[in-house]
Amino acid sequence: MPFFICPNCKRRSVDLDGYEGFSAQAVQCRECGFGFLFELLEDYYPAPGTGFVVCDAAARVLAAGRGVFELTGFRDSDLLGRDVADALALSDTSPIDVVREWGVRKLGQQMAIRTKAGREKSVTADFFPAYDDDGGLMLALTPR
Ligand SMILES: [Zn+2]
C-alpha cells in the first residue's frame with residue numbers, strides 16, 4: 001500500500017484516505033496546502049526535528065519543507081534549483097547515487113552538513129526515491 005507524506009508539514013497519509021485520481025503530483029496537502037505529496041512504498045515516521053528536501057532527477061532542490069531552515073539556516077529560496085549535495089555540503093553523497101541508480105531508499109545515513117552560517121552539523125539523513133515519471137528523490141534530515 002503506498003503511503004504519502006507532505007514534504008512541508010510531514011503529515012502522513014495512506015492511499016485509503018480517499019484521494020481521488022491517485023496522482024500524487026496533483027494532490028495538495030490537506031493540512032498545510034503544500035502543492036504535492038511524496039509517495040513512499042513503506043511508512044516512515046519523521047522525528048519532530050526532521051526537515052524534508054525534495055529534489056528532481058538531477059538532485060537539484062525543488063522544495064524544502066518546514067524544519068529545514070531551523071536545521072540548515074537556508075530558506076527555500078536559498079536552495080531552489082541548486083544541487084542538494086553542493087548546497088548543503090553533504091559529507092557523503094554516495095546515498096544519492098544509490099537512490100537514483102537503484103530506486104531504493106537509504107535510511108539512517110550518518111553524515112555532516114554545513115549550515116548557511118558555515119557551521120558543520122551532524123545529521124541522520126534518510127534518502128527516498130521518487131516513484132513518479134520524473135524521478136528524483138527526497139532527503140529527510142534529522143539533527144543528531
Ligand atoms: Zn502539509
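Residues numbered from 1 in each chain as written. Predicted model: local features only at pLDDT ≥ 70, side-chain atom pairs only at ≥ 80, totals over all residues. Heavy atoms only, no water.

1. Focus on the coordination of the zinc ion
Taken together, the protein donors to the zinc ion comprise C6 (SG), C9 (SG), C29 (SG) and C32 (SG), at separations of 2.2 to 2.3 Å. Around the zinc ion sit 4 donor atoms; with metal-centred angles ranging over 106 to 113°, the donor geometry is tetrahedral. Between consecutive donor residues of the zinc ion, the sequence gaps follow C-x2-C-x19-C-x2-C. Of this pair, C6 sits in the loop between β1 (3-5) and β2 (12-14) while C29 sits in the loop between β2 and β3 (38-40), and the two are 23 residues apart along the sequence. With relative accessibility at 0%, the residue C6 sits in the buried group. (Donors = N, O, S within 2.8 Å, 3.2 Å for Na, K, Ca; no water. Tetrahedral: all angles 85-135°; square planar, octahedral: opposite > 155°, others 65-115°. Helix = DSSP H or I, 4+ residues; strand = E, 2+ residues; numbered from the N terminus. Buried < 20%, exposed > 50% of the residue type's maximum accessible area, 1.4 Å probe, protein only.)

2. Notes on the pairing of strand β4 (residues 51-55)
Of all 5 residues that make up β4, 5 are buried, and the element is covered over most of its length. Joining the antiparallel neighbours β4 and strand β5 (residues 61-64) is a turn of 5 residues, in which A59 adopts a positive phi near 65°. (Pairing = 2+ DSSP bridges.)

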